[in-house]
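# Observations on chain architecture
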Number of protein chains: 2
Amino acid sequence: MVEIDMGIPLEKVNEFSLKELLGMAIKAEIGAREFYKSMAANVEIETLRKKLEFLAGEEEKHEEFLRKLYAQSFPGEEIAFPKEHVGPELKPVAEKIKNVQDMLELIRWAMEAERIAKEFYSKLEEMTDDNAKKGLLRYLASMENTHYFILKTEYELLLDWEMYSQMMHVGP
Amino acid sequence: MVEIDMGIPLEKVNEFSLKELLGMAIKAEIGAREFYKSMAANVEIETLRKKLEFLAGEEEKHEEFLRKLYAQSFPGEEIAFPKEHVGPELKPVAEKIKNVQDMLELIRWAMEAERIAKEFYSKLEEMTDDNAKKGLLRYLASMENTHYFILKTEYELLLDWEMYSQMMHVGP
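All values derive from a computational prediction rather than experimental measurement.

## Here we look at the overall build of chain A
Helix and strand content of chain A: five helices and zero strands. Listed by position from the N terminus, the elements making up chain A come as α-α-α-α-α. Over its C-alpha atoms chain A spans a radius of gyration of 17 Å, differing by no more than 12% from the 16 Å that the globule rule assigns to 172 residues. Counting over 172 residues, chain A shows a buried share of 50%. Across chain A, contacts joining residues at least 24 apart in sequence account for 78% of those joining residues at least 6 apart. Accessible surface, chain A: about 8500 Å² in total, of which carbon and sulfur atoms supply 51%. Separation of charge centres in chain A, based on 23 positive and 34 negative side chains, amounts to 2 Å.

Structure representation (structure tokens):
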């Protein structure tokens, strides 16, 4: 059982400035990338590993987009990372994932993080006037939504471990 | 403008045997993989290329699953590939994609192919009694649905080429 800090509720987002929220978003993308990368390194199922590596790569790209957005919005200012965050704080996976229950739990947290990330970007979009920035935030929301479905598809099949392990050539 | 053979309508699926339909499905997965691989090779935008490579890898895995399903369902029998197919027949991309309109058109065809593939697997699931096979077909349907959304996300951003090209560092 993993202990997870669930962060501030989404409704509290309005109490922060756009600058603080972008800082939170960048921090969250770094956290998500580290999570997927470390999970990929600790999973032996090739299909799942490839999906996790793909997700890690996408989150890395998101971080880059957000840093650019930050630089455009607050030129010359260093990024401030607030201590608060939105949604479950994903921690890197430190050891081999040995059983399907742990795998399911990790995916469940990741799904929840993606679901909230999508809502978060939609909220940031609402707070933004500039059309180009709105477009980027909508794109990010849409990608996190896609990530949610990638994870959900795998999760649902993993629930039937007997079939999953047969299909993926797992075990002896 | 690409000419596309749209294949047999989904309603006609009932006129074929499960064996023929599995043959069609395997052929379609091979076609989709070749399409994504060739499109990835002819696209210069890194983010998009990575997505296409990911999709190609997934379709390759699908082919493998379907071959296994075929072998279990019709042991010892060689796969027969019917000349019919369901949904748009994706042809490999033979040259560098030079403008955004061509890119959009190709993605639109791929989206349509994924949408129909999802429906097709759902129909195959209905035609199948065995629970393990049903599970696999549901998984395939769910993955094609995810592919559809991956493409849709990219498509919608590509519609605003000015922003897209800025974000993706395209051009001089």
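## Notes on the UniProt feature "domain: Rubrerythrin diiron-binding" (unreviewed entry) in chain A
Within this structure's numbering, the places UniProt gives as "domain: Rubrerythrin diiron-binding" (unreviewed entry) are residues 20–154 of chain A. Strand forms 0% of residues 20–154 of chain A and helix 76%; the C-alpha atoms that close the span are 34 Å apart.

## Considerations on the pattern of salt bridges
One side chain can pair with another of opposite charge once the charged atoms of both are near each other. Residues and elements named next belong to chain B. Enumeration over the complete set of coordinates arrives at 28 salt bridges over all chains. Ionic pairing is found between Glu53 and Arg49, a salt bridge with its closest N-O pair at 3.8 Å. Residue Glu53 and its partner Arg49 are both found in helix α2 (residues 46–73); the two are separated by four residues, about one turn of the helix. Across the salt bridge formed by Lys152 and Glu156, the nearest N and O atoms sit 3.3 Å from each other. Note that Lys152 and Glu156 are positioned in helix α4 (residues 131–158) at a spacing of four residues, about one turn of the helix. For Glu156, a relative accessible area of 43% corresponds to the partly exposed category.

## Overview of the interface of chain B and chain A
The interface is formed by 27 residues belonging to chain B together with 27 residues belonging to chain A. With both sides pooled, the region where chain B packs onto chain A buries about 2300 Å², and carbon together with sulfur makes up 64% of that total. It is Phe54(B), Tyr139(B) and Met167(B) that lose the most area in chain B upon contact with chain A, and together they represent 24% of the buried surface on that side. Between chain B and chain A we count four salt bridges in total. Among the salt bridges present, the one from Glu46(B) reaches Lys61(A), with a minimum N-O distance of 3.5 Å. Taken together, the links from chain B to chain A amount to eight residue pairs in polar contact (both at pLDDT 80 or more). Sorting the residues of the side of chain B that touches chain A by element identifies α2, α4 and α5 (161–167) of chain B as the ones contributing at least two each. A per-element tally of the side of chain B that touches chain A places α4(B) first, with twelve residues.

## A short note on the side chain of Glu125(B)
All names here are of chain B. You can see Glu125 is positioned in helix α3 (residues 100–127). Residue Glu125 is classed as buried on the basis of its relative accessible area of 15%. Beyond its immediate chain neighbours, meaning those up to four positions away, Glu125 contacts Lys134, Leu137 and Arg138.

## Topic: the relation of the copies chain B and chain A
Superposing chain B onto chain A requires a rotation of 180 degrees together with a translation of 0.0 Å along the rotation axis, leaving an RMSD of 0.0 Å. Taken together, the rotation and translation describe the operation of a two-fold axis.

## Quick look at the environment of Met39(A)
Residue and element names in this part refer to chain A. Secondary-structure assignment places Met39 in helix α1 (residues 18–41). Each C-alpha atom of the pair Met39 and Leu52 lies 7.2 Å from the other, and the pair is 13 residues apart in sequence. In contact with Met39, other than residues within four places in its own chain, are Leu52, Val93, Ile97, Met103, Leu106 and Ile107.

Rules and cut-offs
- Residues numbered from 1 in each chain as written.
- Chains lettered and ligands numbered in written order.
- Predicted model: local features only at pLDDT ≥ 70, side-chain atom pairs only at ≥ 80, totals over all residues.
- Heavy atoms only, no water.
- Helix = DSSP H or I, 4+ residues; strand = E, 2+ residues; numbered from the N terminus.
- Rg over C-alpha atoms; globule rule 2.2 N^0.38 Å.
- Buried < 20%, exposed > 50% of the residue type's maximum accessible area, 1.4 Å probe, protein only.
- Contact = heavy atoms within 4.5 Å.
- Areas by Shrake-Rupley, 256 points an atom, 1.4 Å probe, with all protein chains shown as cover.
- Lys, Arg positive; Asp, Glu negative; His and termini not counted.
- Charge placed at Lys NZ, Arg CZ, Asp CG, Glu CD.
- UniProt positions renumbered as here; feature names shortened; annotations may be inferred.
- Salt bridge = Lys/Arg side-chain N within 4 Å of Asp/Glu carboxyl O.
- Buried area = accessible area lost by both parts, 1.4 Å probe.
- Polar contact = N/O pair within 3.5 Å; in protein donor to acceptor, adjacent residues only side chain to side chain.
- Least-squares fit on C-alpha atoms with pLDDT ≥ 70 in both.

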